[in-house]
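# Observations on chain architecture
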Amino acid sequence: MTLGETLAAASKSLDEHRIASARLTADVLLAHCMDVDRPFLYAHTDNRLSEKSYKSYRSMIARRIAGEPLQYITGVQEFYGRRFSVDPSVLIPRPETEGVIAAVLEIKPGPDSRIIDIGTGSGCIACTMALELPGVSVSASDISLAALRTAQKNATALRAQVDFVCMESLGAWSGHFDVIVSNPPYVAGEDYDGLQREVRDFEPRVALIGDPDPLEFYRRLCSQAHERLVDSGTLVVEIGYSMETAVRGLFDRGWELLPTRNDLQGIPRVIAARKR
């Protein structure tokens, strides 16, 4: 089959199985399979695909039809203009999480500041902060060793200087920080079965659901952060849909709440608070 015929057949199959953006998905997977960019496919539609490449491509299409996220099949996801390696040990970085980076940059940490990312996953937040804020000391933690291996791989590939430690929260760290950030697990247990199958069946459950009470992680983090932040230090957290009021209510008089940052859909997504 030619590249054009292969793409048409794959796009039709994906569409029949109600896979969103069927043609784009077909393009991305074939470009990944051939290790070329998408424009190459359309400039060479009459080229023929080798039998080996065709079998590999059909396998990728089948995986996507079965619900596996495109990013896990290709192994990459863009975040803040950079390519990050992803695998089933880490959440796929979302565009809304870029709001965490924007909130930190708005704080304007000095060149000698210390920043820590709790629950780093792929390392997208920690690596981005290290690259966007030269001279700042960035640390990151995660409860999952597999996730930390992926995060370290990204830090090495991007030449981002980040110190990684396997731990759940702030307990093992010494000293104080100027900024503490986190994108914690905030899906309520009763909502898990209602998630999209791409999320529910493939992304790591531990990164989606924390305690039975989704506010518990935020509650502990607020308490620990107040002890570990310097005076006027800032805590920045991502929140889930409809969580703004509940999370903001966790901050007592020891904090000065900053304006909530909305995502591109206008949904409250990032809360920041400064230690008084």
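Reading the values: rules and limits
- Residues numbered from 1 in each chain as written.
- Predicted model: local features only at pLDDT ≥ 70, side-chain atom pairs only at ≥ 80, totals over all residues.
- Heavy atoms only, no water.
- Helix = DSSP H or I, 4+ residues; strand = E, 2+ residues; numbered from the N terminus.
- Rg over C-alpha atoms; globule rule 2.2 N^0.38 Å.
- Buried < 20%, exposed > 50% of the residue type's maximum accessible area, 1.4 Å probe, protein only.
- Areas by Shrake-Rupley, 256 points an atom, 1.4 Å probe, with all protein chains shown as cover.
- Lys, Arg positive; Asp, Glu negative; His and termini not counted.
- Charge placed at Lys NZ, Arg CZ, Asp CG, Glu CD.
- Contact = heavy atoms within 4.5 Å.
- Polar contact = N/O pair within 3.5 Å; in protein donor to acceptor, adjacent residues only side chain to side chain.
- Expected span 1.5 Å × (residues − 1).
- Arc of directions from axis to C-beta.
- Phe/Tyr/Trp six-rings, centres within 6.5 Å; stacked < 30°, edge-to-face > 60°.
- Core = buried A, V, L, I, M, F, W, Y, C linked by side-chain atoms within 4.5 Å.

On to the overall build of the protein chain. In terms of regular secondary structure, the protein chain is built from 12 helices and 10 strands. Taken over C-alpha atoms, the radius of gyration comes to 21 Å for the protein chain, in line with the 19 Å a tight globule of 276 residues would show. In terms of overall dimensions, the protein chain has a C-alpha envelope of 65 × 40 × 30 Å along the principal axes. For the protein chain, the residues scored as buried account for 48% of the 276 residues in total. Working note: accessible area of the protein chain is about 13,600 Å², and carbon and sulfur atoms make up 49% of it. Looking at charge distribution, the protein chain has the averaged site of its 31 positive side-chain charges lying 3 Å from that of its 37 negative ones.

With that out of the way, let us pick up the environment of Ser113. Looking at the secondary structure, you find Ser113 in the loop between helix 6 (98–107) and strand 3 (114–118). Sequence-wise, Ser113 and Arg82 are 31 residues apart; in three dimensions their C-alpha atoms are separated by 23 Å. In this structure Ser113 touches Val136, Ser137 and Asp178, once residues within four positions along its chain are discounted. For Ser113, the side chain forms a polar contact with the main-chain nitrogen of Gly110, separated by 2.9 Å.

Moving on to helix 4 (residues 51–65). The terminal C-alpha atoms of helix 4, which comprises 15 residues, lie 21 Å apart, in line with the 21 Å expected from a rise of 1.5 Å per residue. For helix 4, the full list of buried residues reads Tyr57, Met60, Ile61, Arg64 and Ile65. Down the axis, helix 4 shows its buried residues gathered within 140° of arc, on one side only. Facing away from the buried side of helix 4, by more than 90 degrees, are the exposed residues Glu51, Lys52 and Lys55. If you follow the buried residues of helix 4, they end up packed against helix 1 (3–16), helix 2 (22–34), helix 5 (70–74) and helix 9 (197–200). Phi turns positive, to about 110°, at Gly67, one or two residues after helix 4.

Before going further, it helps to examine the packing of aromatic side chains. Inspection of the entire model under this criterion finds 2 aromatic pairs. Note on Phe79 and Phe84: the rings are 6.1 Å apart at their centroids and 80° apart in plane angle, and the pair reads as edge-to-face. Just as Phe79 is buried, Phe84 falls in that class too. Relative to Trp255, the ring of Phe251 has its centre 5.4 Å away and its plane inclined at 90°; by these criteria the two rings are edge-to-face. By relative accessible area, which is 5% here, Trp255 ends up buried.

A separate point is the nonpolar core. Val104, Met129, Val162, Val181 and Val236 are the most contacted members of the largest nonpolar core, which has 29 residues in total. Of all the elements in the fold, those that place two or more residues in this core are helix 6, helix 7 (124–132), strand 4 (137–142), helix 8 (145–158), strand 5 (162–166), strand 6 (177–182) and strand 10 (268–275). In this view, Val236 contacts Val100, Ala103, Val104, Ile107, Ile180, Val181, Ser182, Val270, Ile271 and Ala272; residues no more than four positions away in its chain are not counted. Counting 23 residues, the second largest nonpolar core, distinct from the first, contains Tyr218, Ala225, Leu229 and Leu235.

Moving on to unusual backbone geometry. In this structure, Tyr80 is a non-glycine residue whose phi angle is positive, near 50°. Secondary-structure assignment places Tyr80 in the loop between strand 1 (76–79) and strand 2 (82–85). For Lys108, which is not a glycine, the phi torsion comes out positive at approximately 60°. In this fold, Lys108 is placed in the loop between helix 6 and strand 3.

A few words on helix 1. Helix length check: helix 1, at 14 residues, gives a terminal C-alpha distance of 20 Å against a target of 20 Å (1.5 Å per residue), a fit within 8%. For helix 1, the set of buried residues is Leu3, Thr6, Leu7, Ala10, Ser11, Ser13 and Leu14. Relative to the axis of helix 1, the buried residues are bounded by an arc of 165° and lie together on one face. Across helix 1 from its buried face, at more than 90 degrees, point the exposed residues Lys12, Asp15 and Glu16.

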